[in-house]
Amino acid sequence: MSSNSAVVVGGGISGLASAIGLRLAGWHVTVVERAAVLDDAGAGISLAANGMRALATLGVGEAVEAAARRQYTGGTRTPDGRRLALMDGAALERELGAPIVGIPRAALHRILREALPAESLVIGAEVTDVEVTDVDTAQPSRVRVTYGDTTLDADLVVAADGIHSRIRRRLFPTHPGPAYNGSTVLRAITERPVDGLTADFELTWGHGAEFGHIAFPDGRAEWHAVLNAPAGVRYQDPLTEVRRRFAHWHEPIPALLAATRPEAVLHHDVNELATPLPSYVAGRIALLGDAAHAMAPHLGQGACQALEDAVTLAAAVAEARSVEAALARYDAQRRPRSQTVARDARRAGRMGQQLANPLAVGLRNAAIRLTPPGAMVRTALKHADWTPPRITPRAA
Ligand SMILES: Cc1cc2nc3c(=O)[nH]c(=O)nc-3n(C[C@H](O)[C@H](O)[C@H](O)COP(=O)(O)OP(=O)(O)OC[C@H]3O[C@@H](n4cnc5c(N)ncnc54)[C@H](O)[C@@H]3O)c2cc1C
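This report concerns the structure included in the present document. (Residues numbered from 1 in each chain as written. Predicted model: local features only at pLDDT ≥ 70, side-chain atom pairs only at ≥ 80, totals over all residues. Heavy atoms only, no water.)

### As for the overall build of the chain
When its secondary structure is counted, the chain shows 13 helices and 19 strands. Taking 21 Å as the expected radius of gyration for a compact globule of 396 residues, we find that the chain reaches 21 Å, a close match to that expectation. A principal-axis box enclosing the C-alpha atoms of the chain has dimensions of 70 × 45 × 35 Å. Looking at the 396 residues of the chain, the share that counts as buried comes to 57%. A separation threshold of at least 6 residues defines the contact pool for the chain, and within that pool the share at least 24 residues apart is 73%. For the chain, the exposed area adds up to about 16,500 Å²; of that, 53% sits on carbon and sulfur atoms. The positive charge centre, built from 42 side chains, and the negative charge centre, built from 41, are 5 Å apart in the chain. (Helix = DSSP H or I, 4+ residues; strand = E, 2+ residues; numbered from the N terminus. Rg over C-alpha atoms; globule rule 2.2 N^0.38 Å. Buried < 20%, exposed > 50% of the residue type's maximum accessible area, 1.4 Å probe, protein only. Contact = heavy atoms within 4.5 Å. Areas by Shrake-Rupley, 256 points an atom, 1.4 Å probe, with all protein chains shown as cover. Lys, Arg positive; Asp, Glu negative; His and termini not counted. Charge placed at Lys NZ, Arg CZ, Asp CG, Glu CD.)

Shown next as structure tokens:
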């Protein structure tokens with residue numbers, strides 16, 4: 001299929017990536033984003049090999065690698081600094097055929113944005129309605145997207161409107177939607193390079209609490225503190241609260257916190273789609289990224305799965321004879337895999353950061369120490385082994 005048109009609702013990682021993929025498939029694409037500034041600033045992200053291979057398929061792999069830091073060293077520790085699991089990122093890169101990297105979200109977002117022509121982006125426009133038009137069987141049905149006073153007709157709508165997706169609510173009104181998973185996360189990027197930051201990526205598990213960091217090429221880092229907490233908990237001074245809880249943990253945690261400005265700290269509760277959707281497709285609408293499978297962050301796979309979605313959708317529409325056939329293939333290929341990853345991410349949280357009982361924590365740590373070096377990291381990264389499909393437009 002070529003010379004078709006798509007409207008992508010949402011200009012986050014999922015929406016921009018799917019727009020790039022659909023353009024490679026030969027489609028005309030418009031991305032509609034409600035925010036006035038197209039950005040994803042504020043924190044950092046790890047991209048595992050599957051995410052990096054998807055980005056390479058989209059033609060932005062080299063740019064992302066250049067702006068990112070490879071995660072070769074680090075692993076998991078206890079608050080007193082004792083090693084639980086060691087990371088050998090170089091060996092994993094050889095095995096998986098792509099690196100694991102850490103990158104500021106703003107840099108990833110900019111690279112995706114710059115891979116699209118400015119005229120394909122409509123910003124500051126909130127989509128208020130999506131409806132299937134022309135259900136006359138003699139005509140292929142199209143979809144209509146409304147924002148403000150504008151309507152756009154398209155052959156396909158990609159709902160990349162995030163965890164609180166309006167389009168998902170519209171298509172699946174009885175689905176319960178996102179649920180709080182019991183953890184709240186505070187995170188920030190340091191304002192300056194941090195001395196003594198030797199690990200590229202590290203997680204430290206306490207009792208119902210985790211502190212992690214992702215180092216960037218310029219020596220700054222993103223850190224995140226995850227806590228078991230009631231939904232909606234807020235702190236008057238978030239950085240002081242994080243220092244109170246974590247500044248006595250091993251280095252470089254105190255150094256990371258000392259290099260952070262109070263106003264840089266973001267605080268969000270962790271929500272996920274605990275009830276899997278029955279389909280990622282309805283008519284000519286495809287759900288993608290967090291709109292389809294918002295997952296707990298404990299495996300660092302949410303955006304990687306969104307990037308897989310984007311490439312798989314583009315490859316399907318490029319090859320299939322009809323939009324309907326392409327979407328059926330997209331749903332069949334993406335739903336089982338992404339829902340398995342989401343389930344494993346939830347389990348990883350329960351066995352990792354969320355485990356609070358001292359006896360259970362002790363048993364877990366002893367079990368990890370008995371496993372061969374690197375085995376735990378390999379288990380955490382088992383979903384990173386993914387081969388992207390090619391995006392090859394059919395000859396007209
Ligand atoms: C603490 C934390 C750490 C994480 N770490 C990692 C990690 O290390 N690695 C990883 O792979 N993943 C990670 N993730 C997951 C990852 O951040 C998400 O999966 C990813 O950002 C989802 O992108 P998205 O584009 O689907 O959604 P979003 O980023 O939410 O984008 C949705 C966009 O749609 C727009 N929008 C919404 N409604 C409308 C509308 N009606 N009209 C127009 N626009 C609309 C929004 O403004 C937004 O820009 C983490 C998540 C969390 C919470």
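That shown, we press on.
### Details of the nonpolar core
Counting residues in each nonpolar core, the largest one holds 93 residues, and the members touching the most others are Leu-47 and Leu-156. Of all hydrophobic cores here, the second largest spans 22 residues; its members include Leu-197, Trp-223, Ala-225 and Tyr-235. (Core = buried A, V, L, I, M, F, W, Y, C linked by side-chain atoms within 4.5 Å.)

### Concerning the sheet that holds strand β15 (residues 209-215)
Spatially, seven strands are ordered β6-β5-β14-β15-β16-β13-β17 in an open sheet, and the strand pairing comes out mixed. Strand pairing shows two members of the sheet lacking a second neighbour, β6 (83-86) and β17 (266-272), which therefore form its edges. Within the sheet, the average angular offset between the axes of one strand and its neighbour, ignoring direction, is 20°. Pairing of strand β13 (residues 179-189) with strand β16 (residues 221-228), which is carried by seven bridges, proceeds in the antiparallel orientation. (Pairing = 2+ DSSP bridges. Axes fitted to C-alpha atoms, helices over the stretch in contact; angles between N-to-C directions.)

### Section: the side chain of Ser-5
Tracing the sequence through the fold places Ser-5 in strand β1 (residues 5-9). With residues up to four places along the chain from it excluded, the contact list for Ser-5 reads Trp-27, His-28, Arg-142, Asp-153, Ala-154, Asp-155 and Leu-156.

### With respect to the sheet that holds strand β19 (residues 285-287)
Judged by pairing direction, the sheet is mixed, and its six strands sit side by side in the order β8-β2-β1-β12-β19-β18 without closing on themselves. Two strands bound the open sheet, and with one partner strand each, they are β8 (121-123) and β18 (281-282). Here three bridges tie strand β2 (residues 28-33) to β8, and the two strands are oriented parallel to one another. Bridge pairing links Val-32 to Val-122 in β8. Lying on the sheet, helix α1 (residues 13-24) is in contact with β1, β2, β8 and β12 (156-159); it crosses β1 at an angle near 170°.

### Some thoughts on helix α5 (residues 105-114)
The set of residues buried in α5 consists of Ala-107, Leu-108, His-109, Ile-111 and Leu-112. Structurally, α5 contributes buried residues whose contacts are with α1, β3 (44-47), α2 (49-57), α3 (61-67) and β7 (101-104).

### Section: the pattern of salt bridges
As enumerated under the stated definition, the model contains 30 salt bridges in all. One salt bridge connects Asp-200 with Arg-69, and the closest N-O pair in it is separated by 2.9 Å. One end of the pair, Asp-200, is in the loop between β13 and β14 (201-205); the other, Arg-69, is in strand β4 (residues 69-70), with 131 residues separating them in the sequence. Of the two residues, Asp-200 and Arg-69, both sit in the buried class. Put simply, Arg-142, Asp-155, Arg-284 and Glu-324 are held in one network by salt bridges that share partners. (Salt bridge = Lys/Arg side-chain N within 4 Å of Asp/Glu carboxyl O.)

### Observations concerning the site of the ligand
Near the ligand lie 27 residues; those nearest to it are Ser-14, Glu-33, Ser-46, Arg-105 and Asp-290. At a separation of 3.1 Å, a nitrogen atom of the ligand approaches a polar backbone atom of Arg-34. Expressed as a share of its isolated accessible area of 1,000 Å², the protein-covered part of the ligand is 84%. By residue class, the composition of the shell around the ligand is 11 nonpolar, nine polar and seven charged. (Near = heavy atom within 4 Å. Polar contact = N/O pair within 3.5 Å; in protein donor to acceptor, adjacent residues only side chain to side chain. Nonpolar A, V, L, I, M, F, W, Y, C, P; charged D, E, K, R; others polar.)

### Some remarks on unusual backbone geometry
In this chain, Glu-251 is followed by Pro-252 through a cis amide linkage whose omega measures 10°. Here Pro-252 shows up in the loop between α7 (238-246) and α8 (253-258).

### Considering the packing of aromatic side chains
With the rule as written, the count across this model stands at three aromatic pairs. An angle of 20° between the planes, with centres 5.6 Å apart, marks the rings of Phe-211 and Trp-223 as stacked. Pair noted here: Phe-211 is in strand β15 and Trp-223 is in strand β16, with a separation of 12 residues, a long-range link. You'll find Phe-211 and Trp-223 in the same group, each marked buried. We classify Phe-211 as buried; its relative accessible area is 2%. Chaining the aromatic ring pairs together yields one cluster made of Phe-211, Trp-223, Phe-246 and Trp-249. (Phe/Tyr/Trp six-rings, centres within 6.5 Å; stacked < 30°, edge-to-face > 60°.)

### Quick look at the pairing of β7
Residues Val-101 and Ile-103 line one face of β7 and the alternating positions Gly-102 and Pro-104 line the opposite face, and both faces are buried. As paired strands, β4 and β7 are joined by two bridges and run antiparallel to one another. Of the residues in β7, the one forming a bridge with Arg-69 is Gly-102.

### What to know about the packing of α1 against helix α10 (residues 302-319)
Their axes nearest at 8 Å, the elements α1 and α10 cross at an angle of 25°. As far as their axial angle goes, α10 and α1 are roughly parallel. As α1 packs across α10, the resulting crossing turns out to be right-handed. Only Ala-303, Ala-306, Leu-307, Ala-310, Ala-314 and Val-317 of α10 make contact with α1, whose side of the interface consists of Ile-13, Ser-14, Ala-17, Ser-18, Gly-21 and Leu-22. Residue composition of the contact of α1 with α10, by class: nine nonpolar, three polar and no charged. (Parallel < 35°, antiparallel > 145°, perpendicular 65-115°, else oblique. Left-handed = near helix turned anticlockwise from the far one by under 90°.)

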